[in-house]
Amino acid sequence: MTINSSQILEELSELEKSSKLLDPNQTTRANWLQQVDDYVTSFLSDLPNNKAYNKDHSSIDAIEEFDIEEKGASLNQLLTLYEKSIDGVGINPASGGHMGYIPGGGAYPSALGDYLAAVSNRYAGIFYAAPGAVKLENMLIKWMCRLMGFPENATGNLTSGGSISNLIAIVTARDAAKVKAKDFDKLVIYISEQAHHSIQKAIRIAGLSEAVIRYVPLDSQLRMSVEELARMISEDESNGLIPFIINASLGTTNTGAIDPINEIADCAEKHGLWFHVDAAYGGFFKLLPEMEEAFKGINRASSITLDPHKTLFLPFGTGAVLVKDVKSVYQSHHYLADYMQDTANAQEEISPADVSPELTKHFRGLRLWFPLKLFGLEPFRAALKEKLLLCRYFYNEVHQIPNIEVGPTPELSVAIFRYLPEDLDANKFNQKLINEIQSDGKVFLSSTTINGIFWIRVAVVLFRTHLNHIEYLLEDLKKRLA
Ligand SMILES: *Cc1c(COP(=O)(O)O)cnc(C)c1O
């Protein structure tokens, strides 16, 4: 069937009427924005009274009633559902009472950055398309490189989180080792028993399932033992295997233990291995001068994972990876397709697409830059120091409760403890205790098992967690254990 131009014009005029609904006028926009702002205002002012955790999630069934349909709904209806079925259930990551896992942040100016990024929709994957957006993201990467003592010509990427950062680092290390796939079963990867599981996941996704993973034993403080590491590497070398990467944790997720970075760097250098430091949790504590000793040698890493959505208090979806050798990360991730030929000559700046699996991507830079610039670094340093001290205060005080045993002295802002009942099974007792705390939900804690022992974890990472939350927690524990 042929279609003539006048028919086309007629149909277009109809379609245009409907498709223009996708571009709401100023009155509608102002109205929507006001409704969202009203929601945010009451959400934030209710935070201190609301729970950090709501186990009852029966209200999520209502989401099914909002399936996608031909006609639009009102924003008011959506916000009502959002409040009840989304914000009202599970862990509330905005609550200062959230001290489980590694809490995230949600600094407000990031929302404004996201708003702008979504409206103007700059194409931040490629320098040619959005030179300013890419320059800004690279400036943020440079700032992180300087913070970690990496040289000016190092590079990196703003990722969606620590897991993708670890993946980029592992893939880069794999390619830099220049080993053929048929020899992957000779590659050896060294991680500690306390490494984050995203490392094992990255190893598998990177096609390295056949590589040997050595779980380096820990010292009494749950840090990687460098003697054991050195012994394992030498043994593997003499057995004809190919040691190629060491992953150290700067702040384990479980207990905040910091592996001896500088000594591990010696070991990596001596044997010519890629040295990755997973500092997803601990990295930004580098902003505190008193942490200098713990970070000694981090500048000697080949790559570093950071997670601004943890210790820079930003919203989820904000990670970073730094790589010292630009060429290696570029070789693993750069690709130039025919339809991208116009972009080839604009090489003033490394494009995010050259150093990550992504092409089109969220312009994450704004959600970092807004809070960092609007607040300046000072309050970030203060909040980080506050978290360290709150954790130490909790650790000291919880130790005073009769029959409480504590784990290693916290190096960062995670403490573990358990109650030792007179004549009951300790693991079962503490399991019950954490269940009770979670059911109550005023504060949220999580648990872990280390060498068969069940521990309760307190992770002080949220910018909204202050002394009143810790005092509340201590009082609550005393009441439960009285
Ligand atoms: C949280 C964490 C990760 C994973 O980061 P995501 O942002 O959750 O993907 C990796 N390593 C460590 C040490 C972490 O604490």
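That block above? That's the structure.
Residues numbered from 1 in each chain as written. Predicted model: local features only at pLDDT ≥ 70, side-chain atom pairs only at ≥ 80, totals over all residues. Heavy atoms only, no water.

Chemist: Explain the side chain of Glu349 here, please?
Modeler: Along the chain, Glu349 turns up in the loop between helix H12 (326–333) and helix H13 (365–375). There is a polar contact of 3.1 Å between the side chain of Glu349 and the side chain of Lys135. (Helix = DSSP H or I, 4+ residues; strand = E, 2+ residues; numbered from the N terminus. Polar contact = N/O pair within 3.5 Å; in protein donor to acceptor, adjacent residues only side chain to side chain.)

Chemist: Help me out: how do you make sense of the pairing of strand S3 (residues 155–159) in this one?
Modeler: It is a general feature of regular strands that their side chains alternate between the two faces of the sheet. With 5 of its 5 residues buried, S3 lies for the most part within the structure. On S3, burial covers both faces: Thr155, Asn157 and Thr159 on one face and Gly156 and Leu158 on the other are all buried. With 5 bridges connecting them, S3 and strand S9 (residues 319–323) associate as antiparallel partners. The residue bridging Gly156 from the neighbouring strand is Leu322, located in S9. (Buried < 20%, exposed > 50% of the residue type's maximum accessible area, 1.4 Å probe, protein only. Pairing = 2+ DSSP bridges.)

Chemist: Explain the pattern of salt bridges here, please?
Modeler: Opposite charge on two side chains makes pairing possible when the charged atoms of those side chains draw close. Evaluation of the coordinates by the stated rule reveals 24 salt bridges. One salt bridge connects Arg231 with Glu228, and the closest N-O pair in it is separated by 2.8 Å. Taken together, the positions of Arg231 and Glu228, both in helix H8 (residues 226–238) and 3 residues apart, correspond to about one turn of that helix. Classification of Arg231 by relative accessible area gives partly exposed; the value is 41%. We classify Glu228 as partly exposed; its relative accessible area is 27%. The partner of Lys432 in a salt bridge is Glu436, and the shortest N-O contact between them spans 3.5 Å. Here Lys432 pairs with Glu436, and both are found in helix H15 (residues 426–440), just 4 residues apart, close to one helical turn. Exposure remark for Lys432: the relative accessible area of 53% places this residue in the exposed category. Several salt bridges converge on common partners, so that one network encompasses Lys182, Asp183 and Lys186. (Salt bridge = Lys/Arg side-chain N within 4 Å of Asp/Glu carboxyl O.)

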